[in-house]
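Below are the chains, spelled out letter by letter.
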Amino acid sequence: MPKSKLGIIGSGRLGTAIARQSSKAGYEVRIANSRGPESLGLMLSVLLPGVIAGTVGGVIEQSDIIVLAIPLNQYKTLKPELFAAKVVIDAMNYWPPTEGAIKEFMNEEVTSSEYIQHYLKGAHVVKTLNHIAYNELEEHNLPAGDPKRRAMVLAGDDKEAKTVVSELIDAIGFDPVDLGELKNGKKFQPDTSLFNARYVANDL
Ligand SMILES: NC(=O)c1ccc[n+]([C@@H]2O[C@H](COP(=O)([O-])OP(=O)(O)OC[C@H]3O[C@@H](n4cnc5c(N)ncnc54)[C@H](OP(=O)(O)O)[C@@H]3O)[C@@H](O)[C@H]2O)c1
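It should be emphasised that the depicted structure is a prediction, and the values quoted were computed from it without experimental measurement.

How each quantity is defined
- Residues numbered from 1 in each chain as written.
- Predicted model: local features only at pLDDT ≥ 70, side-chain atom pairs only at ≥ 80, totals over all residues.
- Heavy atoms only, no water.
- Core = buried A, V, L, I, M, F, W, Y, C linked by side-chain atoms within 4.5 Å.
- Buried < 20%, exposed > 50% of the residue type's maximum accessible area, 1.4 Å probe, protein only.
- Contact = heavy atoms within 4.5 Å.
- 1 Å grid on protein atoms, 1.4 Å probe; cavity = no way out; pocket = protein on both sides within 12 Å on 5 of 7 lines; lining within 4 Å.
- Points joined across faces, edges and corners; volume = space filled by probe spheres on them.
- Helix = DSSP H or I, 4+ residues; strand = E, 2+ residues; numbered from the N terminus.
- Nonpolar A, V, L, I, M, F, W, Y, C, P; charged D, E, K, R; others polar.
- Right-handed = clockwise from strand over helix to strand, strands pointing away.
- Near = heavy atom within 4 Å.
- Polar contact = N/O pair within 3.5 Å; in protein donor to acceptor, adjacent residues only side chain to side chain.
- Areas by Shrake-Rupley, 256 points an atom, 1.4 Å probe, with all protein chains shown as cover.
- Sits in = over half its atoms within 2 Å of the grid points.

Q: Account for the nonpolar core, with residues named and values stated.
A: Core analysis: the largest hydrophobic core is formed by 32 residues, its most contacted members being L6, I8, I18, L129 and L137. Setting aside residues up to four positions removed in sequence, L137 forms contacts with L14, A17, I18, Q21, L129, I132, M152, I172 and F174. Counting 21 residues, the second-largest nonpolar core is a separate cluster that includes I9, Y75, V88 and Y94.

Q: Break down the layout of surface pockets for me, with residues and values.
A: It is the rolling of a water-molecule-sized probe over the atoms that shows where space remains empty. For the largest pocket, the calculated volume is near 700 Å³. R13, L14, A91, N93 and E99 are, among the 22 residues lining the largest pocket, the residues nearest its centre. Mapped by element, the contributors of at least two residues to the lining of the largest pocket are α1 (13-24) and α4 (96-99). Sorting elements by how many residues they give to the lining of the largest pocket places α1 first, with three residues. Here the residues of the lining of the largest pocket are counted per class, giving 14 nonpolar, six polar and two charged.

Q: Please provide a residue-by-residue account of the pairing of strand β7 (residues 151-156), values included.
A: Among the six residues of β7, six are classified as buried, and the element is accordingly described as predominantly covered. Residues A151, V153 and A155 of β7 are buried on one face, and the alternating residues M152, L154 and G156, pointing to the opposite face, are buried as well. Handedness of the β7-helix α7 (residues 159-171)-strand β8 (residues 175-178) crossover: right-handed.

Q: Tell me about the site of the ligand, and please be specific about residues and values.
A: Inspection of the region around the ligand gives 24 residues, with S11, L14, S34, R35 and Y134 positioned closest. The contact in question runs from a nitrogen atom of the ligand to an N or O atom on the side chain of T77, over 3.0 Å. Between the ligand and Y134 there is a distance of 2.8 Å, counted from an oxygen atom to a backbone nitrogen or oxygen. The fraction of the free accessible surface of the ligand (880 Å²) that becomes covered by protein chains is 79%. The cavity where the ligand resides is the largest pocket. Broken down by class, the residue content of the shell around the ligand amounts to 13 nonpolar, nine polar and two charged.

Q: Can you explain the side chain of Q189? Please cite residues and give values.
A: Following the sequence through the fold, Q189 ends up in the segment after β8. A polar contact is formed between the side chain of Q189 and the backbone nitrogen of S112, at a distance of 3.3 Å. Setting aside anything within four residues of it in sequence, one finds Q189 in contact with T111, S112, K127, N130 and F195.

This is the structure we're talking about:
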């Protein structure tokens, strides 16, 4: 069966690492930044052969799973109407030291991914890929069954979306561990014990 089409918004450190690993795993991968596809030509030909550059809107429209890998303070540039029924991986973190304080994310009762879900109303948001450093995505992946295989936690409110995302996590070399509802993303945001920590699935 053909794998899902993956669209990555953000072509920086995290976006390119996810693009490379998912393309190697057989996904059809598209990627976009805010400057347009022509700005990505050289990088794609050298670092990401097989990955397709597009506009933000085009990549969203042509993909089944969308990974958000842009600075969180940019989320309102995304057009919510494009995301209806899409599976969205929110890999973004609220990190005031680099982005500055953002009023809505200062409310500790609501997680950043719940804000993203509220903003992208029709989408099925799954929080994951946010708690691992981009270089570790490329260095720590291992085949299924390896006892040292690193766990990747996820949280979301839609069961089917979590299944699709778990397949992706497995395909890029990590063991998916479902922590339940989207609000449980608070367990692996920055400044938690799971953030940037290395566990195997059984430890969790
Ligand atoms: N770096 C990591 O190891 C890591 C790990 C886990 C999670 N994260 C999270 O992932 C997000 C991205 O981090 P990063 O380190 O990859 O940042 P980065 O290296 O600065 O890359 C950000 C990318 O987003 C693009 N971008 C910015 N605004 C955009 C917009 N409005 N529309 C489309 N593209 C836009 C930028 O390109 P243009 O400016 O050219 O548009 C750039 O390609 C952050 O929320 C971070 O917390 C990062």
